[in-house]
Each structure stands twice: as C-alpha cells, then as structure tokens.
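# Examining the three-dimensional arrangement
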Amino acid sequence: MQVRLLVLAGLMAVSLAGNAQACFLRGRTKCCAPSCCDNAGGAGANNCGTVTVNCTEWVKEQRQVCCTSYKMEQKQVTCNGCRCETYMEPRTRTVCCTKKVTETVMETRTVCERVPYWTEKTVMKERCVTQQVTEMRSKVVDKGHYECCEVPCRTGLFARHDCCDPCPKTHTVQKWVPCKVTECCPVTVCKKVKVCEPCTVKVCCYKTVQKQVTCPVCKTRCVTEQKQITENVCCKRMVPYTYTKTVCCKVPVQEMKTITVCVPKCVQKQVPAGNCCAPVSNCCR
C-alpha cells in the first residue's frame, strides 16, 4: 500500500511538470517575423502556423513488485518463571516451660488434742415411785324418769275390730324418758411418778491441749526450666521453572504482486502557435 501511494505521488508530480512545460512552450512561441505578417488578405493575418514541441505522456505498464506483508502466526515460546512452593523445615528453638514438682517436707504444726480425765459431778437422776393419787374423773349418769302415755291397743288375728268405731281403743303404759348428765367424782388410783434425786457420779471428760507436732507435708511448687524443642515449620520459597506457552506474532512474508505503473514517455507534437501578430506584451509574457 505504501509503494502504491509513492508511485501515484510520483506520477502526479511528473504530469504537472509536463503540463507546465507545454504551457511554457506555447507562451514562448513568437511569430513576429515579416514573413508571418506579410501574407495577403486578412485570412492569414491571425494564423501563424504550428510549432513542434516535446511533451511527456504517461503510459501504463504492468510491473512485478516484491511486497512485504505481515501475517499472524501462533508459535510455541519457552519461558522461565518462578512459582511459590511450600515445604516443611525442622527448626529447633528454646522455650521456657513451667512444671509442677511435688516434694515432701517436715513441718512443725500446732495441733489441738483432746485429753480424757475423770471428775465427780452431781447429776439429777430420775426414778419411778408408785404413789396413790386422787384425781377427778367424769362419768355420764342417766337421771331419767317414767312417764305415763296412751298407746293404741294391739290388734291380733282374733281381735275384734269394729270398722265403724271412729275412736280406736288405747291403753296407758309407762315409758322411760332418759336424761343423761355428766358428773365429776374423785377417784384414788396408784400411779408411777418420776422423781428427780441428786446423785454424785464419776464422769469421763475431755479437755483440749495444744502441742507442737512435726509431720511430713506434701507440697507442690512450680519450677521454670528451659528446654530445646524441634518442630516442623511451614516455609515458602520461590522455585524457577520453565514452561511453554503459545503466542501470536507477526511474521513478514515476501510475495510478488503485479501492479500498474504510469511511466513518462517523451513524444513530439504539433502545437498551433497562436496569434503571432499580437502585441509583444501579450505574445512574449
């Protein structure tokens, strides 16, 4: 495309140069000689003849041109890169730890001890004694009486009964009417009564005595110590590696193309000279 543009620009420049040369030759042509103006009649007064000039013409030609073009191609490229890898690495470090230590020590302590001893004490003892006791007891006494009341006579199988007698036969009987009364009366009974009597007895008592005792005591104390421990630590490192990838790139390609080129060619042409009898200022500008 660039070659074509350059060729067209050159052709335009040559064409403009040829036209300018033709115009210059036409302007410089002078027919002011006496033979040009002595022609009889008025017909040849304005006709001065023709002039042979050299001019350039452009002729089309077919040419083979080698052009360079680019096309996209995929190719395998080997590259170097780095990747992060994780690995375990043993490391030793010093740590402070606390442990409990149990030990037995002898300590003197003050303890309280109960010591028995005998003493005489006067105490009140209870014993049961049989005694006659007079007490009031209540009892219910029926102080009723008899009353006379009329009741109908008994009717038997052979008893005569007059249905027309409006008043039945009755007879008088005595009926007990109860009247219960609660009375209190003294009663003498024998009872066992508790009697408290003073008595002197020997009693075992205890008293508290303080004394110093040495005894073993287990104590636990914390001991700080340093020790070396080895542990695996997760670390990272960059490892170089080679990998292959596909990339697109431009590849130059040489190819022959047929183009049409305008070539300048010099030819001779007959050009009319124009009005040669005109004033010099117009003919020779």
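Residues numbered from 1 in each chain as written. Predicted model: local features only at pLDDT ≥ 70, side-chain atom pairs only at ≥ 80, totals over all residues. Heavy atoms only, no water.

## Some remarks on the overall build of the chain
Our working definition: Secondary structure elements follow DSSP: runs of H or I of four or more residues count as helices, runs of E of two or more count as strands, with numbering from the N terminus. Buried means the residue's accessible area, taken with a 1.4 Å probe over protein chains only, is under 20% of the maximum for its type, while exposed means over 50%, and partly exposed covers the values in between. Contacts: residue pairs with any heavy atoms within 4.5 Å of one another. Accessibility throughout is a Shrake-Rupley quantity obtained with a 1.4 Å probe, and a residue counts as covered only by protein chains that appear here.
Helices and strands together make up the secondary structure of the chain, namely three helices and four strands. Relative to its 285 residues, the chain shows a buried fraction of 11%. Sequence-distant contacts, at least 24 apart, represent 95% of the contacts inside the chain between residues at least 6 apart. Of the roughly 23,600 Å² of accessible surface on the chain, 54% is carried by carbon and sulfur atoms.

## Observations regarding the side chain of Glu107
For the record, the criterion: Counting of polar contacts relies on pairs of N or O atoms within 3.5 Å, with two restrictions inside protein: one atom must be capable of donating a hydrogen and the other of accepting it, and residues adjacent in sequence are counted only when both atoms are side-chain atoms.
As for its placement among the helices and strands, Glu107 is situated in strand 1 (residues 50–142). A polar contact is formed between the side chain of Glu107 and the side chain of Arg109, at a distance of 3.4 Å. A polar contact is formed between the side chain of Glu107 and the side chain of Lys219, at a distance of 2.5 Å. If we skip the residues at most four places from it in the chain, Glu107 touches Val213, Thr214, Cys215, Val217 and Lys219.

## With respect to the environment of Thr78
Relative to the helices and strands, Thr78 resides in strand 1. Along the primary structure Thr78 and Thr242 are separated by 164 residues, whereas in three dimensions their C-alpha atoms are 6.8 Å apart. The residues contacting Thr78, other than those within four sequence positions of it, are Thr242, Tyr243 and Thr244.

## A closer look at the environment of Lys250
Examined against the element boundaries, Lys250 turns out to sit in strand 4 (residues 180–272). Separated by 178 residues in sequence, Lys250 and Met72 place their C-alpha atoms 4.7 Å apart. When sequence neighbours within four positions are dropped, the list of residues in contact with Lys250 reads Tyr70, Lys71 and Met72.

## Structural notes on the nonpolar core
Going by this rule: We call a set of buried residues a nonpolar core when its members are Ala, Val, Leu, Ile, Met, Phe, Trp, Tyr or Cys and they connect through side-chain atoms within 4.5 Å of each other.
With five residues, the main nonpolar core is built from Val65, Cys67, Ile259, Val261 and Val263. Mapped onto this core, the elements with two or more residues apiece are strand 1 and strand 4. Considering each element in turn, this core owes the most residues, three residues, to strand 4.

## A short note on the confidence of the model for the chain
Going by this rule: Each residue carries a pLDDT score, the predictor's confidence in it, ranging from 0 to 100.
Averaged over every residue, the pLDDT of the chain is 77; residues scoring 70 or more account for 74%. Note on residues 20–46: pLDDT under 50 across the span, and 27 contacts to partners over four residues away in sequence or across chains. In the predicted structure, residues 276–285 sits below a pLDDT of 50 and forms 15 contacts with residues beyond four places in sequence or in another chain.

## Points about the packing of aromatic side chains
Both the distance between ring centres and the angle between the ring planes are used here to describe each pair of aromatic rings. Stated precisely, the cut-off is as follows: Stacked, edge-to-face and tilted are the three classes for Phe, Tyr and Trp ring pairs, Trp counted by its six-membered ring, which pair at centre distances within 6.5 Å; planes under 30 degrees apart are stacked, over 60 edge-to-face, the rest tilted.
As enumerated under the stated definition, the model contains two aromatic pairs in all. Ring geometry for Tyr146 and Trp176: centres 4.6 Å apart, planes at 70°, overall edge-to-face. In this pair, Tyr146 is assigned in strand 2 (residues 145–152) and Trp176 in strand 3 (residues 170–177), connecting sequence segments 30 residues apart. Relative accessible area serves as the criterion here: at 54%, Tyr146 is assigned to the exposed category. Summarising the aromatic geometry, the rings of Tyr241 and Tyr243 are spaced 5.5 Å apart at their centres and angled 35° between planes, so their arrangement reads as tilted. For Tyr243, a relative accessible area of 31% corresponds to the partly exposed category.

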